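Letter by letter, the chains look like this.
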Amino acid sequence: MSTRFSSAEQMLKAQGLDLGVTDWLQLTQARVNLFAEATGDQQWIHVDPERAANGPFGACIAHGYLTLALANLFMPQLMSIDNMAMGVNYGTDRVRFPAVVKVGARVRGRGQIVSAELIGSAVQLVVRISVEIEGAERPGCVVDTISRYTFNPITE
């Protein structure tokens, strides 16, 4: 169940909040191939299962940036925002790829609110997303996402 926010005040009080985890997602070769097509990164370690089976990882692996992009998929599963006028991605900090994600692995997102501050009329929220790999000690990606949210005025 996701954490629900409906005001800037609620969001500002959430610094340090553990958002929990998402459901598991199996990372398929089809998803990796679509990402390769979209980005033009057709390196064999991602898209050639036969060659990759004899490569350094023993299988195809997801692109690091695909693993990073999963933060966008996981974020709305971890938190939902009611009464939002607008939300924008502002950037990221501290992106790391501690472990490779092999095709066929199951991954999930774990979230924590690192900071929340008022910037003008928007709340700037830094959420750390860890892309955990089932059965692995280290995550496939850890990223501090930065988003800005503005809320509609609350009417009585």
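Residues numbered from 1 in each chain as written. Predicted model: local features only at pLDDT ≥ 70, side-chain atom pairs only at ≥ 80, totals over all residues. Heavy atoms only, no water.

Identification of the protein as 3-hydroxyacyl-thioester dehydratase from Pseudomonas putida NBRC 14164 is taken from an unreviewed UniProt entry.

A. Seen up close, the overall build of the protein. When you go through the protein residue by residue, the secondary structure sums to five helices and eight strands. Counting only C-alpha atoms and orienting by the principal axes, one finds that the protein spans roughly 65 × 30 × 25 Å. Relative to its full complement of 156 residues, the protein shows a buried share of 40%. Restricting the contact set of the protein to residue pairs at least 6 apart, pairs at least 24 apart contribute 72%. Accessible area for the protein stands at about 8,600 Å²; split by element, carbon and sulfur atoms hold 50% of it. Of the side chains in the protein, 13 bear a positive and 15 a negative charge, and the two mean positions are spaced by 4 Å. (Helix = DSSP H or I, 4+ residues; strand = E, 2+ residues; numbered from the N terminus. Buried < 20%, exposed > 50% of the residue type's maximum accessible area, 1.4 Å probe, protein only. Contact = heavy atoms within 4.5 Å. Areas by Shrake-Rupley, 256 points an atom, 1.4 Å probe, with all protein chains shown as cover. Lys, Arg positive; Asp, Glu negative; His and termini not counted. Charge placed at Lys NZ, Arg CZ, Asp CG, Glu CD.)

B. Geometry of the packing of aromatic side chains. The tally for this structure, following the rule as stated, stands at one aromatic pair. In this arrangement the basic side chain of R148 is found over the ring face of Y90, its NZ or CZ atom lying 3.8 Å from the centre. (Phe/Tyr/Trp six-rings, centres within 6.5 Å; stacked < 30°, edge-to-face > 60°. Lys NZ or Arg CZ within 6 Å of the ring centre and 35° of its normal.)

C. Representation of the UniProt feature "domain: MaoC-like" (unreviewed entry) in the protein within the structure. The residues that UniProt annotates with the feature "domain: MaoC-like" (unreviewed entry) are residues 22-120. Secondary structure across residues 22-120 divides into 35% helix and 32% strand, with the first and last C-alpha atoms of the span separated by 31 Å. (UniProt positions renumbered as here; feature names shortened; annotations may be inferred.)

D. Molecular detail of the pairing of strand β7 (residues 122-133). In terms of burial, β7 is largely enclosed, as 11 of its 12 residues are buried. Sheet topology note: the strand β6 (residues 106-119)/β7 ladder contains 12 bridges and is antiparallel. When the bridges of β7 are listed, A116 appears paired with L125. Counting the residues between successive antiparallel strands, the hairpin from β6 to β7 contains two residues, one of them, G120, with a positive phi of roughly 65°. Summarising the sheet, β7 and strand β8 (residues 141-151) pair through nine bridges and their orientation is antiparallel. Bridge pairing in β8 links S130 to V142. (Pairing = 2+ DSSP bridges.)

E. Structural context of the state of the cysteines. Enumeration according to the criterion identifies zero disulfides in this entry. Here C60 is not disulfide-linked; the sulfur of C141 is the nearest cysteine sulfur, at 20 Å. The class for C60 is buried, based on a relative accessible area of 4%. For C141, a relative accessible area of 0% puts it in the buried group. (Disulfide = S-S within 2.5 Å.)

F. Summary view of the environment of R148. Following the sequence through the fold, R148 ends up in strand β8. Between the C-alpha atom of R148 and that of D41, which follows or precedes it by 107 residues, the distance is 30 Å. Not counting residues within four places of it along the chain, the set of residues in contact with R148 comprises M86, G87, V88, Y90, I119, A122, V123 and Q124. Of the polar contacts made by the side chain of R148, one reaches the side chain of Q124; its length is 2.7 Å. (Polar contact = N/O pair within 3.5 Å; in protein donor to acceptor, adjacent residues only side chain to side chain.)

G. Representation of helix α5 (residues 64-78). Taking 1.5 Å of rise per residue, the 15 residues of α5 would be expected to cover 21 Å, and the 21 Å separating its terminal C-alpha atoms lies within 8% of that figure. The largest bend along α5 measures about 30° and falls at N72, with the proline P76 one to four residues further on. Along α5, the positions that sit buried rather than exposed are L66, T67, L68, L70, A71, F74, M75 and L78. (Expected span 1.5 Å × (residues − 1). Bend = angle between axes of the 7 residues up to and from the residue.)

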